[in-house]
Amino acid sequence: MNELLRQLLFLPEQRSSLAREIDGLHYFVILVTMGGAALITLIGGYFLIRYRRRPQDTPRPHPGAFARPALFLETVSLFALGFLFLTFWTIGTRQFADLRTAPDDALDVYVTGKQWMWKFGYPGGDSEISVLYVPAHRPVRLIMTSRDVIHSFYVPAFRIKQDVIPGRYTTAWFEANEPGAYPILCAEFCGTSHSEMRGQVIALDPVDYERWLAGGLASAPAFAQKAAAEAENELAEAEPTMPSRGELAAAKHGCLRCHTLDGTPHVGPSWAGLYRAVVPLESGGERVADEAYITESIMDPLAALHRGFPPVMPSYLGQIAPPDVAAIIELMKSIRDVPHGPDVPWDGGVPGSSVTPEGVTP
């Protein structure tokens, strides 16, 4: 019955622990209201035929016009309708409370919406754009905010939809009940490319999720790699600008594990306000952070090390394509006017383990 109604109502598959329960209320409301509408139609049709005007009818008032109201029947009907609406409200309120209260063992993931992409930050410091990797059969709590306008995080297969608001944090949670790739949509009109603000939730078997944590996308199953490639293509089509490509390249090569874009202190210098800034060097002297210095720092980070930061960055010589370098430089240019705080010496901790994941700070 569940599957029949789901297909009749054109609902997506139920792939979260609460999806079937939410659909159950949906079915209940739809069937009751449709049954009520059909009953009223039948009764109205019966009265229309039963009491229609006939040629032999006299102009005298119909005897039914003087009938006494059926007070008992009307009272019972009112109480029945009230009970029915209270039942809807009780079930809906309980489901709303379940959706708002994440289990204690939920995995926290930080989500930032911006025109027109979703960014995901993990407690370990890793970050992804447009692709959210989660373990199946484990609750996941999303802590969400927006950098620009109101968005709405919507995963139809999980039956969750939550507004994402600038300057505020909202939460939602889900538990994928089966490995797979599930589309993420924005359900709030947020600009000209709103329809292209898409992504993927990739739910992995717990063993595959641990492999992904250790080895990245190359260690993920084939379906996950295919879904991630599709999400990346959609993102490229939605965001063709060089800064957005630079942000994608920075996430792809792990730059955002140590550098931030909003001025937040981290392991490496924040890219906010860095372009064309005068950089003090560990070896003495200064350099202007122009295209030449940035490229040199990517390929040979120890050649002109920024004072106050540890020499932990590896060389990307041969690891990063020139178009990606150019896109990263354009990204730095786009945020050159973003203020940032004083450079804070590294405390010696494990990179990415002690600071709020990039992209969370509004």
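Keep in mind that what you see is a predicted model, and the values were worked out from it rather than measured.

We now examine a nonpolar patch on the surface. The grouping of Leu-39, Ile-43, Tyr-46, Phe-47 and Tyr-51 at the surface amounts to a nonpolar patch, some 530 Å² of accessible area in total. Relative to the elements of secondary structure, Tyr-46 occurs in helix α2 (residues 19-50). For Tyr-46, a relative accessible area of 48% puts it in the partly exposed group.

Okay, the layout of surface pockets next. There is about 320 Å³ of room inside the second largest pocket. Among the secondary structure elements, those contributing two or more residues to the lining of the second largest pocket are α2, α3 (71-100), β7 (160-164) and β8 (170-174).

The geometry of α2 relative to α3 is characterised by a closest axis approach of 11 Å and an angle of 160° between their N-to-C directions. With respect to α3, the axis of α2 lies roughly antiparallel. As for the relative orientation of α2 and α3, their crossing is left-handed in sense. Of the residues in α3, those in contact with Glu-21, Ile-22, Leu-25, Phe-28, Val-29 and Val-32 of α2 are Leu-84, Thr-87, Phe-88, Ile-91, Gly-92, Arg-94, Gln-95, Asp-98 and Leu-99.

Right, let's talk about the pattern of salt bridges for a bit. If you walk through the whole model with that rule in mind, you get 13 salt bridges. For Asp-108, the salt bridge is made with Arg-141, and the minimal N-O distance between the two is 2.8 Å. Remark: Arg-141 occurs in strand β5 (residues 140-146) and Asp-108 occurs in strand β1 (residues 107-114); sequence separation between them is 33 residues. Here Arg-287 makes a salt bridge to Glu-296, at a shortest N to O gap of 3.1 Å. A relative accessible area of 27% places Arg-287 in the partly exposed class. Connected through salt bridges with shared partners, the residues Glu-13, Arg-15 and Glu-178 form a single ionic network.

Below, the discussion takes up the side chain of His-259. Examined against the element boundaries, His-259 turns out to sit in the loop between α6 (242-252) and β11 (278-280). Classification of His-259 by relative accessible area gives buried; the value is 12%.

It is worth spelling out helix α4 (residues 206-215) at this point. Asp-208, Tyr-209 and Trp-212 are the residues of α4 that are buried. What you see down the axis of α4 is that its buried residues fit within an arc of 105°, all on one side. Summarising the contacts, the buried residues of α4 are in contact with β1, β3 (127-129), β4 (131-135) and β10 (199-204). One or two positions beyond α4, positive phi appears at Gly-216, with a value near 80°.

The next point concerns the sheet that holds strand β2 (residues 117-121). Read across the open sheet, the five strands follow the order β3-β2-β1-β5-β8; overall the sheet is mixed. Unpaired on one side and paired on the other, β3 and β8 mark the two borders of the sheet. When strand polarity is set aside, the average angle formed by the axes of neighbouring strands in this sheet is 25°. Contacts between α6 and the sheet are confined to β1, β2 and β3, with β3 contributing the most and set at about 140° to the helix.

As a further point, take unusual backbone geometry. The residue after Gln-115, namely Trp-116, is reached through a cis peptide bond having omega -5°. Tracing the backbone through its elements, the reader meets Trp-116 in the loop between β1 and β2. Of note, Ser-130 is a non-glycine position whose phi angle comes to about 75°, a positive value. Along the chain, Ser-130 falls in the loop between β3 and β4. Overall, Ser-130 belongs to the buried group, its relative accessible area being 1%.

Calculation notes
- Residues numbered from 1 in each chain as written.
- Predicted model: local features only at pLDDT ≥ 70, side-chain atom pairs only at ≥ 80, totals over all residues.
- Heavy atoms only, no water.
- Patch = residues over 30% accessible without salt bridge, like charges linked within 9 Å, V, L, I, M, F, W, Y side chains within 5 Å.
- Areas by Shrake-Rupley, 256 points an atom, 1.4 Å probe, with all protein chains shown as cover.
- Salt bridge = Lys/Arg side-chain N within 4 Å of Asp/Glu carboxyl O.
- Helix = DSSP H or I, 4+ residues; strand = E, 2+ residues; numbered from the N terminus.
- Buried < 20%, exposed > 50% of the residue type's maximum accessible area, 1.4 Å probe, protein only.
- 1 Å grid on protein atoms, 1.4 Å probe; cavity = no way out; pocket = protein on both sides within 12 Å on 5 of 7 lines; lining within 4 Å.
- Points joined across faces, edges and corners; volume = space filled by probe spheres on them.
- Axes fitted to C-alpha atoms, helices over the stretch in contact; angles between N-to-C directions.
- Parallel < 35°, antiparallel > 145°, perpendicular 65-115°, else oblique.
- Left-handed = near helix turned anticlockwise from the far one by under 90°.
- Contact = heavy atoms within 4.5 Å.
- Arc of directions from axis to C-beta.
- Pairing = 2+ DSSP bridges.

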